[in-house]
Amino acid sequence: MARPKIALIGAGQIGGTLAHLAAIKELGDVVLFDIADGVPQGKALDIAESGPSEGFDAALKGTTDYADIAGADVCIVTAGVPRKPGMSRDDLLGINLKVMKSVGEGIRDNAPDAFVICITNPLDAMVWALQQYSGLPAEKVVGMAGVLDSARFRHFLSLEFDVSMKDVTAFVLGGHGDTMVPLTRYSTVGGIPLPDLVDMGWTTQDKLDAIVQRTRDGGAEIVGLLKTGSAYYAPATSAIEMAEAYLKDQKRLLPCAAWVDGALGLKGMYVGVPTIIGAGGIERVVDIKLDRAEQEMFDKSVEAVRGLVEACKGIDETLA
Ligand code: A3D
């Protein structure tokens, strides 16, 4: 049987890391696409040359021609620009919306059966636009943010409790921005919810609040340190987790920016929610119950996403 084909649209910091991870994990053959001629070809060759040491056989190809992504099983989109210190994700909207148009059309014309994972910011609005421009079914177009935001939360929690990251589960829902909603009640250490751990004296509410805020600011913390761009190792790992769930029909429960129509009281929009990812793409949106305080935070986040989608419609009237 032929290996799955993974197309990476954008061969920058995240794109290159995705290519290396996909090859090392032997998820399939990799095509790196970018408009900057030479960059995708150079990265593909460089990564291919790590094959003998790493022991993978995946084929890697770099290209500036959309025809080369033909028949891709998975497309991961990082094309566009990242933010610099002082910028918010929302500042990227105008420029990255234009990029989503060309990428959406490229995927529509060459890989219409792919499972598409968008990473480009501002995430929730860009994945919505990408679905519109590509015309692919909504359950096959999804945004990566919740897996990364939850991974950051899990990492900080594991440091606070001095326990393995493997035993910390966490949920971050809502839009991928300053209003994201880390849900402490649904986050656990070995099944023990965080509020119980506060009662047990493992941490204090103040410390937990600080960790929640550090999670919300997790992207900006790295932008501030790097100064030249944004995070790329953990974002790439998070998207690979989602791609693997699809390719291996793992039925993973992962928080993703998915099309929600009915669950959590929402009517037809993209936002971060718990989903099941399997061979059907987004097979289910998990309709969890929120308490009043959580619902207020979630509503605020949903409003922020709606505002960005309206801004997209203001820029391109063809968007419905
Ligand atoms: P970067 O290293 O600049 O790579 C972006 C690549 O896109 C560059 O190689 C460009 O040449 C390429 N590109 C630009 N326009 C096009 C186009 N029309 N078609 C194809 N390729 C194009 O950025 P990066 O890899 O660090 O980040 C990529 C995106 O991911 C940015 O928008 C970031 O803001 C975003 N990001 C999202 C998260 C989330 O958690 C959602 C995390 C980190 C970064």
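Residues numbered from 1 in each chain as written. Predicted model: local features only at pLDDT ≥ 70, side-chain atom pairs only at ≥ 80, totals over all residues. Heavy atoms only, no water.

Draft legend 1. Quick look at the sheet that holds strand β7 (residues 168–169). Strand order in the open sheet formed by three strands is β7-β10-β11, and the pairing between neighbours is antiparallel. The open sheet has two edge strands, β7 and β11 (192–193), and neither has a second partner. Pairing of strand β10 (residues 188–189) with β11, which is carried by two bridges, proceeds in the antiparallel orientation. In the strand pairing of β11, T188 is matched with P193. (Pairing = 2+ DSSP bridges. Helix = DSSP H or I, 4+ residues; strand = E, 2+ residues; numbered from the N terminus.)

Draft legend 2. Focus on helix α8 (residues 205–216). Across its 12 residues, α8 extends 17 Å between first and last C-alpha, which sits within 8% of the 16 Å expected from 1.5 Å per residue. Along α8, the positions that sit buried rather than exposed are L208, I211, V212, T215 and R216. With its buried residues spanning 145° around the axis, α8 presents them on a single face. In this structure, the buried side of α8 is in contact with α6 (146–161), β8 (172–173), β9 (181–182), α7 (194–199), α9 (218–226) and α11 (292–315). (Expected span 1.5 Å × (residues − 1). Buried < 20%, exposed > 50% of the residue type's maximum accessible area, 1.4 Å probe, protein only. Arc of directions from axis to C-beta. Contact = heavy atoms within 4.5 Å.)

Draft legend 3. The site of the ligand, seen in detail. Lining the immediate environment of the ligand, one finds 27 residues, of which Q13, I14, D34, V81 and I119 sit closest. For the ligand, an oxygen atom lies 2.8 Å from a polar atom in the backbone of Q13. Placement of the ligand is best described as lying within the largest pocket. Residue assignment for the shell around the ligand shows that the elements contributing at least two residues are α1 (13–24) and α4 (93–110). Of all the elements, α4 adds the most residues to the shell around the ligand, at three residues. For the shell around the ligand, the per-class residue count stands at 16 nonpolar, 10 polar and one charged. In terms of domain composition, the shell around the ligand takes at least three residues from each of domain 1 (5–144) and domain 2 (146–312). (Near = heavy atom within 4 Å. Polar contact = N/O pair within 3.5 Å; in protein donor to acceptor, adjacent residues only side chain to side chain. 1 Å grid on protein atoms, 1.4 Å probe; cavity = no way out; pocket = protein on both sides within 12 Å on 5 of 7 lines; lining within 4 Å. Sits in = over half its atoms within 2 Å of the grid points. Nonpolar A, V, L, I, M, F, W, Y, C, P; charged D, E, K, R; others polar. Domains from an automatic or database assignment.)

Draft legend 4. Focus on the domain arrangement of the protein chain. By the assigned domains, the protein chain splits into domain 1 (5–144) and domain 2 (146–312). The gap between the C-alpha centroids of domain 1 and domain 2 is 22 Å. Opposite the 40 residues of domain 1 that make contact, domain 2 presents 45 residues. Both sides of the domain 1 and domain 2 interface together cover about 3,500 Å² of buried area, and 74% of this is carbon and sulfur. It is R89, D124 and M144 in domain 1 that bury the most area against domain 2; as a group they hold 19% of the surface buried on that side. Put simply, domain 1 and domain 2 have one salt bridge between them. Notably, a salt bridge pairs E244 with K25, separated by 3.8 Å at the nearest N-O pair. Applying the counting criterion to the domain 1 and domain 2 interface returns six residue pairs in polar contact (both at pLDDT 80 or more). Where the side of domain 1 that touches domain 2 is concerned, the elements lending two or more residues are α1, β4 (74–77), α4, β5 (115–118), α5 (123–134) and β6 (141–143). (Buried area = accessible area lost by both parts, 1.4 Å probe. Salt bridge = Lys/Arg side-chain N within 4 Å of Asp/Glu carboxyl O.)

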